[in-house]
Amino acid sequence: MAALRPSTEPMLDDPPSACTAPARAARSPRAAEPRWSADAVMALFDLPFADLMFRAQQVHRAHHAPNAVQLSTLVSIKTGGCPEDCGYCPQAARHHAGVDNEAMLGLDAVLDAARAAKEAGATRFCMGAAWRGPKDRDLAPVLDMVRGVKALGLETCCTLGMLKDGQAEALRDAGLDYYNHNLDTSADFYGEIVTTRGRGDRLDTLGRVRGAGIHVCCGGIVGMGESRRARAALIAELASLDPPPESVPINHLVQVEGTPLHAKLRGESAIDPLEFVRTIAAARIAMPASMVRLSAGRRELGEAVQALCFLAGANSIFYGDKLLVTGNPDVDADRQLFEKLGLRPA
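Because the structure is a prediction, the values reported are computed rather than measured.

(A) Representation of the overall build of the chain within the structure. If you tally the helices and strands in the chain, you get 13 helices and 12 strands. For the chain, the proportion of its 346 residues judged to be buried stands at 57%. Look at the contacts in the chain between residues 6 or more apart in sequence, and 76% of them connect residues 24 or more apart. Summing over all exposed atoms, the chain offers an accessible surface of approximately 14,100 Å²; the carbon and sulfur share of this is 52%.

Given below as structure tokens:
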């Protein structure tokens with residue numbers, strides 16, 4: 001099959017009564033802080049399913065081309081050996097998930113992967129490293145990768161862990177467009193998942209990224225045993241960042257044997273598929289202008305649930321058969337799904 005090509009579909013004008021008052025407030029620069037409360041997002045979750053989907057579609061069409069989906073490819077440039085204890089992550093050195101501590105990829109290998117991603121239709125290339133945060137000696141080769149990927153005409157994104165003063169500016173100067181650093185889950189549930197990195201550390205890094213003028217990519221993971229209230233609180237906090245993230249990845253937990261969450265949940269899904277769709281819809285309503293990305297776990301969701309997620313306002317995916325160290329639908333499967341649904345690349 002040929003590579004997917006960008007859509008020329010125009011965005012629709014705001015319908016005069018399409019968006020709810022909370023959604024209008026969420027995109028108003030004069031809105032009082034916080035833009036959204038956990039209670040307000042909970043009220044969205046509690047709507048009848050059809051009503052929630054209808055409102056999410058209205059908000060989506062008011063801000064985005066309704067059938068266009070942005071394609072990103074994510075590659076691990078440094079795999080394994082991370083000192084953190086994130087309960088979901090097979091790359092943590094303390095977990096026994098069969099992931100080796102590998103050397104960083106060379107520049108040529110990264111650029112070859114970026115060229116292949118572009119040829120397949122991706123418009124953004126994301127580079128991930130399993131670090132607590134990059135040392136300056138680690139950052140130098142990453143800067144060369146950013147410059148090289150940028151020169152290929154792709155948007156650039158990195159997820160390298162926590163950044164120190166000056167590192168965000170170095171990435172910006174190399175041509176970085178987006179930096180990913182997720183909040184993972186709500187503040188109340190966070191300690192159940194991670195203990196080696198505080199929530200404030202994550203917010204500090206997001207502040208450095210925003211201060212350097214780099215676009216923010218920030219979302220979380222659901223299906224880790226959290227409550228609906230915790231999912232609502234995460235979305236409320238993301239929506240109340242000033243400004244909200246330009247990209248919001250929503251990950252469906254992929255349980256990897258050897259991680260604490262696999263041991264706790266025993267491989268059984270901890271979130272109903274329709275509850276995941278509700279999460280996407282609530283994120284779309286609360287963050288109207290953001291790109292809401294279906295991230296890890298798409299393969300496990302299947303085509304029907306993915307279709308509902310696109311209807312709920314998801315308009316970005318990770319594209320390619322691998323996400324860091326976990327599986328993802330292959331390119332041909334995504335092309336076939338797009339054809340079935342009448343979707344086009346943004």
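Here the narrative resumes, following the displayed structure.
(B) Structural detail: the packing of aromatic side chains. By the definition in use, this model includes one aromatic pair. A ring pair is formed by Phe-310 and Phe-338, whose centres lie 6.2 Å apart and whose planes are at 85 degrees; its orientation type is edge-to-face. Of this pair, Phe-310 sits in helix H12 (residues 298–311) while Phe-338 sits in helix H13 (residues 331–341); the two residues are 28 residues apart in sequence, bridging distant segments of the chain. The side chain of Arg-124 reaches across the aromatic face of Tyr-178, ending 3.6 Å from its centre. Over the aromatic face of Phe-318 sits the side chain of Arg-293, whose NZ or CZ is 5.0 Å from the ring centroid.

(C) Examining the side chain of Ser-240 more closely. Turning to its location among the elements, Ser-240 is positioned in the loop between helix H9 (228–239) and strand E7 (247–252). Polar contacts involving the side chain of Ser-240 include one to the main-chain amide nitrogen of Arg-35, which spans 3.2 Å. One polar contact links the side chain of Ser-240 to the main-chain carbonyl oxygen of Ala-236, over a distance of 3.0 Å.

(D) A look at the nonpolar core. One finds Leu-160 and Leu-171 to be the most contacted residues of the largest nonpolar core, which totals 79 residues. At eight residues, helix H11 (residues 273–286) tops the list of elements feeding residues into this core.

(E) Inspection of the packing of H9 against H11 at higher detail. In contact at an axis separation of 10 Å, H9 and H11 are set at 25 degrees when each is read in the N-to-C sense. In terms of orientation, H9 and H11 fall into the roughly parallel class. Read as a crossing pair, H9 and H11 show a hand that is right-handed. Across the interface between the two elements, Arg-228, Arg-231, Ile-235 and Ala-239 from H9 touch Glu-275, Arg-278, Thr-279, Ala-282, Ala-283 and Ala-286 from H11. Class assignment for the residues of the contact of H9 with H11 results in five nonpolar, one polar and four charged.

(F) Quick look at the environment of Asp-39. Tracing the chain through its elements places Asp-39 in helix H2 (residues 38–45). A polar contact is formed between the side chain of Asp-39 and the side chain of Arg-229, at a distance of 2.6 Å.

Each value, and the rule that gives it
Residues numbered from 1 in each chain as written. Predicted model: local features only at pLDDT ≥ 70, side-chain atom pairs only at ≥ 80, totals over all residues. Heavy atoms only, no water. Helix = DSSP H or I, 4+ residues; strand = E, 2+ residues; numbered from the N terminus. Buried < 20%, exposed > 50% of the residue type's maximum accessible area, 1.4 Å probe, protein only. Contact = heavy atoms within 4.5 Å. Areas by Shrake-Rupley, 256 points an atom, 1.4 Å probe, with all protein chains shown as cover. Phe/Tyr/Trp six-rings, centres within 6.5 Å; stacked < 30°, edge-to-face > 60°. Lys NZ or Arg CZ within 6 Å of the ring centre and 35° of its normal. Polar contact = N/O pair within 3.5 Å; in protein donor to acceptor, adjacent residues only side chain to side chain. Core = buried A, V, L, I, M, F, W, Y, C linked by side-chain atoms within 4.5 Å. Axes fitted to C-alpha atoms, helices over the stretch in contact; angles between N-to-C directions. Parallel < 35°, antiparallel > 145°, perpendicular 65-115°, else oblique. Left-handed = near helix turned anticlockwise from the far one by under 90°. Nonpolar A, V, L, I, M, F, W, Y, C, P; charged D, E, K, R; others polar.

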